[in-house]
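Each chain is listed here by its residues.
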Amino acid sequence: MCSTLCLPLGSVDYVDLAVIDLSKAATPEGRAQLVPQVRKALATQGFFYAINHGYTQEQASTLTNRIFDIANLTFDGVAPEEKKYYTGDTEVLGAYKGYKPRNYWKIDKGVDQIEHYNTHRIVVSQEHPRPLRPFISEMEDFARHNHFNVLHPVLRLLALGLELPEDTLVKTHNFDAKGETSDIGGVTILWSQPIAALQILSTQGKWQWVKHMDNALVINSGDVLQFLSGDFYKPTIHRVVQPPVDQRNQERLGAFYFTMPDDDLKLVPYAESPVLQREGIHRLCEDEEAPTMEEWRKGRAVSYGRAALTVSTEKGVEEEVVRGVTVKHYN
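Residues numbered from 1 in each chain as written. Predicted model: local features only at pLDDT ≥ 70, side-chain atom pairs only at ≥ 80, totals over all residues. Heavy atoms only, no water.

In the annotation of an unreviewed UniProt entry, the chain is listed under the name Clavaminate synthase-like protein and assigned to Athelia psychrophila.

Right, dumping it as structure tokens:
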């Protein structure tokens, strides 16, 4: 749940993203139809819309209104002193937990106006501010819906896209597994909102806006899938900017479900994939040097927005090295 990061604004140009009907993922025949679509979307743009994700338009409207009410309470209904008490020490934890205040990240030519509150997918595993406590069960239901009704079907499609057994990735994304929840490069589920702010870098090299679609989720991939797929599934190149002029008087809140594999998974490509054997494997590092999910999560969380970056040879790109792997920042 976050507000907006203010960066220079360009013209409004909406990107054309694939629309994946998750209701079809319930049958083998439906999954067979969806696999080429999902594979193409994540091998090129790293983004797609997901519709028919288990809630009707009316149910989704009720849920999102409720979740965004809780999100509003998280920021507007908690006193500053209590927010400070529940502010997580990311550099110690190696994960985002609790509040992250504004201006925590150092952003070149930008201002960090993102305030967010992170909770583990097992919501009761951490203490929460007093105003949120009456709504813990609703937050738990929201997490479980995202994990089992959205994430797992998507993971099955991704595995089939690599011609692997369909439960390959599901088995490494256990709801009750040890670990933290952070925006560190797995699969992100964004509950869309009618305010433009998210942009992705197109294959033509221009920034385009992601348009709101009623009752659709925005799904994107990150560097963890890049590790596991040998660069077949591309990490999304995206940023959050100030909304268009006609939308800037509206408050922007985001509700996200960040996912990543279990902490003990070693991030090496699935070399047994027939697709990777045909297409080739681009490793981000040698297999013996590959980090576990826990090592990568901690390295990325600790350094993001805090470590000194170097200017890349690519225009508008800065870089850092995390555990021997070059990470690019498109601010």
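Next comes the rest of the write-up.
**What about the overall build of the chain?**
Where we set the bar: Helix and strand assignments follow DSSP, with helices taken as H or I runs no shorter than four residues and strands as E runs no shorter than two, numbered in order from the N terminus. Atoms considered for the radius of gyration are the C-alpha atoms alone. The globule rule reads 2.2 Å times the number of residues to the power 0.38. Buried residues are those whose accessible area, probed at 1.4 Å on protein chains only, stays under 20% of the maximum for their type, while exposed residues exceed 50% and partly exposed ones sit between those limits. When checking whether two residues touch, look at their non-hydrogen atoms; a contact exists if any pair is within 4.5 Å.
Helices and strands together make up the secondary structure of the chain, namely eight helices and 13 strands. Against the 2.2 N^0.38 benchmark of 20 Å for 331 residues, the chain shows a C-alpha radius of gyration of 19 Å, consistent with a compact globule. Summarising its shape, the C-alpha atoms of the chain cover approximately 55 × 45 × 40 Å along the three principal directions. Taking all 331 residues of the chain together, 53% fall into the buried category. Of all intrachain contacts in the chain linking residues separated by at least 6 positions in sequence, the fraction that spans at least 24 positions is 73%.

**Considerations on the packing of helix α1 (residues 28-44) against helix α5 (residues 136-161)**
Definition in use: For every element, the axis is a line fit to its C-alpha atoms; helices are fit only across the contacting stretch, and the angle between N-to-C directions ranges from 0 to 180 degrees. Note on angle classes: values under 35 degrees are labelled roughly parallel, values over 145 roughly antiparallel, values of 65 to 115 roughly perpendicular, and the remainder oblique. Throughout this entry, Asp, Glu, Lys and Arg are counted as charged residues, while Ala, Val, Leu, Ile, Met, Phe, Trp, Tyr, Cys and Pro are counted as nonpolar. The remaining residues, Gly among them, count as polar.
Where α1 meets α5, the closest approach of the two axes is 8 Å, and the angle between their N-to-C directions is 80 degrees. With respect to each other, α1 and α5 are oriented roughly perpendicular. For the pair α1 and α5, the contacting residues are R31, L34, V35, V38, R39 and L42 in the first and L157, L158, L160 and G161 in the second. Looking at side-chain class alone, the contact of α1 with α5 contains seven nonpolar, one polar and two charged residues.

**Quick notes on the pairing of strand β6 (residues 198-201)**
Where we set the bar: Two strands pair under a simple rule: DSSP has to find at least two bridges between them.
Pairing analysis gives three bridges linking β6 to strand β9 (residues 238-240), with the strands arranged antiparallel. Of the residues in β9, the one forming a bridge with I200 is H238. Where β6 lies against strand β7 (residues 207-209), three bridges are found, and the strand directions are antiparallel. Paired with I200 across the two strands is Q208, which belongs to β7. Hairpin connection between β6 and β7: a loop of five residues separates the two successive antiparallel strands, and G205 in this loop has a positive phi of roughly 85 degrees.

**Comments concerning the pattern of salt bridges**
As a reminder of what qualifies: A pairing counts as a salt bridge when a side-chain nitrogen of Lys or Arg comes within 4 Å of a carboxyl oxygen of Asp or Glu.
If you walk through the whole model with that rule in mind, you get 18 salt bridges. R133 is the salt-bridge partner of E127, the closest N and O atoms lying 3.8 Å from each other. A salt bridge links D287 to R283; the shortest N-O distance between them is 2.8 Å. Overall, R283 belongs to the partly exposed group, its relative accessible area being 32%. Shared partners join several salt bridges into a network, and the residues in it are K178, D263, E294, R297 and K298.

**Focus: the UniProt feature "domain: Isopenicillin N synthase-like Fe(2+) 2OG dioxygenase" (unreviewed entry) in the chain**
We count it as follows: UniProt positions are given in the numbering used here, feature names are shortened, and annotations may be inferred rather than shown by experiment.
Mapped onto the present numbering, the UniProt feature "domain: Isopenicillin N synthase-like Fe(2+) 2OG dioxygenase" (unreviewed entry) falls at residues 179-258. Secondary structure content for residues 179-258 is 8% helix and 30% strand, while the C-alpha to C-alpha distance between its ends is 13 Å.

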